[in-house]
Each structure stands twice: as structure tokens, then as C-alpha cells.
Amino acid sequence: MSAINWIGRLLGWLLLTAFQVLVLTQLDLGALLHPYVFPMFAMLLPFSVPRWLVLVLAFIAGLVVDMFNNTPGMHAAAMVVMAYLRPAILKMLTPVSGYEGIEYPSFMRLGFIWFLLYCLSMAGVHHLVYFQLETLSWTNFPYTLLKSALSLLVSVFLMINFAFIFSSRKSAERK
Amino acid sequence: MRSFFLFLIRNHVFFIFLLLELTALWLVFSNNRYQKSAFIHSANVVTGDVLNTYGDLTRYFYLKQENDSLQAENARLLSLMPDATSADSVASVAVRDSAGAVLYSYQPAQVINNTYTFPNNYITINKGSRHGIEKDMGVITSSGIVGIVKEVSPDFSVIISVLHGSFHTRVAVQKNDEQGRLVWDGKDSRIVKIIDVSEPGKLEQGDSIVTTRFSMAFPDGYPVGVLESYGKETGSNFYTLKVRLSTDFSRLRYVYVVDYLLKDQQMELELNNNSNVGN
């Protein structure tokens, strides 16, 4: 992995975080729709990044959003659970040809359906943990579940759009 | 010992996971118990500056709306001038006690971060301890109450919004001074409930709800909202009032932090009194 690669990822993370806290959180889509796209940063880390580093980066990314949103620890907790389950989810979704020669969970290399399932399961974990911590009660669980599911649909829609924009820009650079 | 280290190294991913997760959960729960979380909030140097700069940029889009509301506020204040009211009017002495001392001072501030669709909402403003803002001060806007200061840094403050699970204040029906506790159930950002009202008497839709002097955060008699409906709680002797807030949290831009200048005096007196009763 080259140094340029890491700078690009850092910029991507800053962009996602800024979009999350300055635009998405400020939007009023009602009490049931709270989309979160920043988990994408940890989702798209290269396969070669060691597991412990994925955990640490996910924790930091969550904590930064927590600071802006005044939700101390909630996103960090959700991100760490998501990052811990990442290898299991990747294994569950292993394509027939495996991940050989693929650098990171890419929409271009692994296909739309694969990417959709990956986003749904990873962001699904994040959303469930986060919304459960936000309400901190089990009596409202059906409501939390509904909120997670509806928000997840919007989040994944936005993630796919982001992935599309980034990958088309990258392929344009290659030409 | 050697095998213990080998065990740690072999399972290092799990232990790092455990460490990070417990740290995060500790932050979640320690904050819920109202302990001071050192820096994880939107009033620290980095988050405050980013939000403030972004606020400066976007504020221009709301200038017209803001002018209208400031003009309306000016008009309201003009109507409170001594010339505009008769000598025995209560409103004109609202900020002074009978001896003529100033009771409240107001610090204007701009909202740089605000949510109102979460189960617990916070507001960040661009004034802090350098401007004399302290924890537990009340925050109001021209139309109604906003919240209570929770965290203060030199240049920014975080406010617990009225739309927050742990926000409580005593309010009263203006016309007959029947009191109760204002709470928010986390659903509609325009509706709050007043609980524990013992005997509300005959009320009508549209009756004004105001703050009481029992809350040291807000000036006495400041608007909170208007009555929507009310009824007796099942299995209880108390009534619950449904109230439409007069503050529109979706367009919160300019607020005032209320400093009740006699707060220390009043609190000291009440504490002394309580300890005497205890003896």
C-alpha cells in the first residue's frame, strides 16, 4: 500500500465525516429517518489492513462523529462492533472466485449485488447498535428496529451513490 | 506467565475489541449519569470552530427570516417601554425587583449546531465562559424557552434542549398559576407534556403556559407554549396537559442566555434553610 493511497483515504474520511455532521445530521427527515454514511470509511478499508487497526480506525471515526453530534461513545461503540464483525461478514459474502487480487471491498470489482448486501449487513450492524444505545431501553425495541430499517435504506442508497461517484472519478483519473 | 502472554497475543484482536468497546460504552453510560465527559462534546476547540465557520457560511441564507423575527422582537420590546405601558403594569418591571435592582441579564448568542429529531437533542452556541456563561443557566429565544446550559468551554457552550429526555422545569398555566413539570416524550418536536398537575381548574385550548419563579434558569412568566388538550392520567389523581411549544426548534438561529443575578443568594438561602430543617 502506497502513501498516496493513505492520503486519499484520509481525505475520503474527512469528506464523509464533514458530509455526515454538517449536512446529513442537520437534515430534518422526521424522527424515523436518521441516515449515517460515515461507517463507509471503515467498510471500504483494504483487506490488507490488520484487524486491530480496522478496530482502532473505526473507533476514532465513530468518536469524531460523536463529538459533533453530542452522542458520546454511541457511534464509537457501534463502529467497533461493526469493525469486529467485518471479517465474518466478508467471509459470509465470499464470492465464488474469492477475494484474490482485489484490494478493498470495491463496488466495481465485486459487483452491485455483492456491494449492496455488504452495505446492508455492515451498516445494518452499525445502525442497530447505535439506535439501541440511543434509546437505551428494550421496551421500545420494535420502534428502534423500524427506525434502524428505514434509516438503513436511506444510508445504503447514499453509500452506493458515494461509491459510484468515487469509483467513476478514479476510473476517469486512470484514463 | 509466558503462556498468558501467548494467549494475549493470539487473541489480541478480541482484546482490542473489548477494550475499545468498553471505553465507548463507558462514555455512553457515564454521560447518561450526568458526569462531565472531558472533551466528547460539540463545544471543544475543534468541533466548535468547525461548526462556527460552517454556521457563518450558512447564516446568510436565513437573513430575511432573521430580520423579520428581530423586527418582531423589537416591536415587542418597544411595547414594554415605560412610555408604552401604564405605571402599574407588571410587564415593565419584569426584569427589576421592587427595589429597582436588575434581576436578569441577557447574553445574545448564535446557534451553530442544533438537532430536534433525536430522542435527546443538544444545541451548541458560540458563546462560552469567556462571555460569562455558566453551567445551569437558562437559554431563551424571542418566542419561548430553549434549554439549559450543560457544558461550557471558553468560546462555546452546549445546551440541553427542551427536547431532551432529561430536561425538566416547573411551568404554570398563566391565568390561574396551576403548576406542573414540563417533560418531552421524544416524539413530536412541537409538543411537550406537563405532568403532575393537581387541579387544573377550567382550562381552554389556547391558554398560555409560562415559566415560574421556582425555576432559577428562566425569567418568571416567560412564554413556553399554548394548551392543546388536557385530561386525567388513568389510575392517578394528577392531570396531564398537552402543550404546543411557542419555540420553533427547526428555525433556531439567535438565542439569549439568561443570567439570574440573585441565583447564588437564593440558592444559599434555600440550602441554609434545608439544612436547618434537617437539624
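Residues numbered from 1 in each chain as written. Chains lettered and ligands numbered in written order. Predicted model: local features only at pLDDT ≥ 70, side-chain atom pairs only at ≥ 80, totals over all residues. Heavy atoms only, no water.

## Thoughts on the overall build of chain B
Selection rule: Helical segments are the DSSP runs of H or I of at least four residues, strand segments are the runs of E of at least two, and each set is numbered from the N terminus. Only protein chains enter the area calculation, which uses a 1.4 Å probe; residues under 20% of their type maximum are buried, those over 50% are exposed, and those in between are partly exposed. Whether two residues are in contact is decided by their heavy atoms, any of which lying within 4.5 Å being enough. Method for areas: the Shrake-Rupley scheme with a 1.4 Å probe, in which residue coverage is limited to the protein chains shown.
Counting secondary structure elements, chain B contains five helices and twelve strands. For chain B, the residues scored as buried account for 41% of the 279 residues in total. When contacts within chain B are restricted to residue pairs at least 6 apart in sequence, those whose partners lie at least 24 apart make up 58%. Working note: accessible area of chain B is about 15600 Å², and carbon and sulfur atoms make up 56% of it.

## Some words on the overall build of chain A
Helices and strands together make up the secondary structure of chain A, namely seven helices and zero strands. Taken from N to C terminus, the helices and strands of chain A fall in the order α-α-α-α-α-α-α. In the structure as shown, chain A presents an accessible area of about 8000 Å², 74% of it carried by carbon and sulfur atoms.

## A short note on the confidence of the model for chain B
Residues and elements named next belong to chain B. Quick note on the threshold: pLDDT runs from 0 to 100 and stands for how confident the predictor is about each residue.
In the predicted model, chain B carries a mean pLDDT of 81, and the fraction of residues at 70 or more is 84%. Per-element averaging of pLDDT across chain B places helix α5 (residues 263-278) at the bottom with 74 and strand β3 (residues 138-140) at the top with 93. This stretch, residues 33-38, has a pLDDT under 50; its non-local contacts, to residues over four places away or in other chains, come to eight contacts. Scored below 50 in pLDDT, residues 84-94 shows eight contacts in the model against residues more than four places distant or in partner chains.

## Observations concerning a nonpolar patch on the surface
Residues and elements named next belong to chain B. Defined as follows: Within this analysis, patches are made of residues with over 30% relative accessible area and no salt bridge. Like charges are joined at 9 Å or less; nonpolar side chains (Val, Leu, Ile, Met, Phe, Trp, Tyr) at 5 Å or less. In the sections that follow, a salt bridge refers to a side-chain nitrogen of Lys or Arg positioned within 4 Å of a carboxyl oxygen of Asp or Glu.
Side chains of Met-1, Phe-4, Phe-5, Phe-7, Ile-9, Phe-14, Phe-15, Leu-18 and Leu-22 sit close together on the surface and give an oily, nonpolar patch of about 910 Å² of accessible area. For the nonpolar patch, the secondary structure elements donating two or more residues are α1 (2-10) and α2 (12-32). Note on placement: Leu-22 falls in helix α2. Note on Leu-22: relative accessible area 54%, which makes it exposed.

## Quick word on the sheet that holds strand β6 (residues 169-173) of chain B
Residues and elements named next belong to chain B. What counts is decided by this rule: If DSSP finds at least two bridges between two strands, the strands pair. Fitted lines through C-alpha atoms give the axes, limited to the stretch in contact for helices. The angle between two N-to-C directions lies from 0 to 180 degrees.
With antiparallel pairing, six strands are arranged side by side around a closed barrel as β6-β7-β8-β11-β10-β9. Averaged over all adjacent pairs, the angle separating strand axes in this sheet is 40°, with direction ignored. As judged from the three bridges shared by strand β7 (residues 179-183) and strand β8 (residues 191-197), these two strands associate in the antiparallel manner. Paired with Arg-181 across the strands is Ile-195, a residue of β8.

## Quick notes on the interface of chain A and chain B
The criterion, for reference: Here the buried area means the combined drop in accessible surface, using a 1.4 Å probe, for two parts upon being joined, counting both sides.
Taken together, the 32 residues of chain A in the interface contact 36 residues of chain B. Between chain A and chain B the total buried area reaches about 3100 Å² when both faces are included, carbon and sulfur atoms providing 73% of it. Looking only at chain A, the three residues that lose the most surface to chain B are Met-67, Phe-68 and Asn-70 of chain A, adding up to 21% of its buried area. Counting across the interface, chain A meets chain B through zero salt bridges.

## Topic: the pairing of β8 of chain B
Residue and element names in this part refer to chain B. Buried residues dominate β8, accounting for five of its seven residues. Bridging between β8 and strand β11 (residues 239-245) involves five bridges; their strand directions are antiparallel. Paired with Ile-194 across the strands is Leu-241, a residue of β11.

## Details of the packing of helix α4 (residues 74-92) of chain A against helix α6 (residues 112-135) of chain A
All names here are of chain A. How we decide: Less than a right angle of anticlockwise turn of the near helix away from the far helix marks a crossing as left-handed, whereas a clockwise turn marks it as right-handed. When residues are sorted by character, Ala, Val, Leu, Ile, Met, Phe, Trp, Tyr, Cys and Pro go into the nonpolar class, Asp, Glu, Lys and Arg into the charged class, and all the rest, Gly among them, into the polar class.
One can describe the packing of α4 onto α6 by two numbers: an axis separation of 9 Å at closest approach and a directional angle of 145°. Regarding α4 and α6, the two cross each other, and that crossing is right-handed. On the side of α4, the interface is formed by Met-74, His-75, Ala-77, Ala-78, Met-79, Val-81, Met-82, Leu-85, Arg-86, Ile-89 and Leu-90, while α6 contributes Trp-114, Tyr-118, Ser-121, Met-122, Val-125, His-126, Val-129, Tyr-130, Leu-133 and Glu-134. Taken together, the residues that form the contact of α4 with α6 break down as 16 nonpolar, three polar and two charged.

## Examining the confidence of the model for chain A
Within chain A, residue pLDDT values average 87, and 93% of them lie at 70 or more. The secondary-structure element of chain A with the lowest mean pLDDT is helix α7 (residues 141-174) of chain A, recorded at 83, while α4 of chain A shows the highest, at 95.

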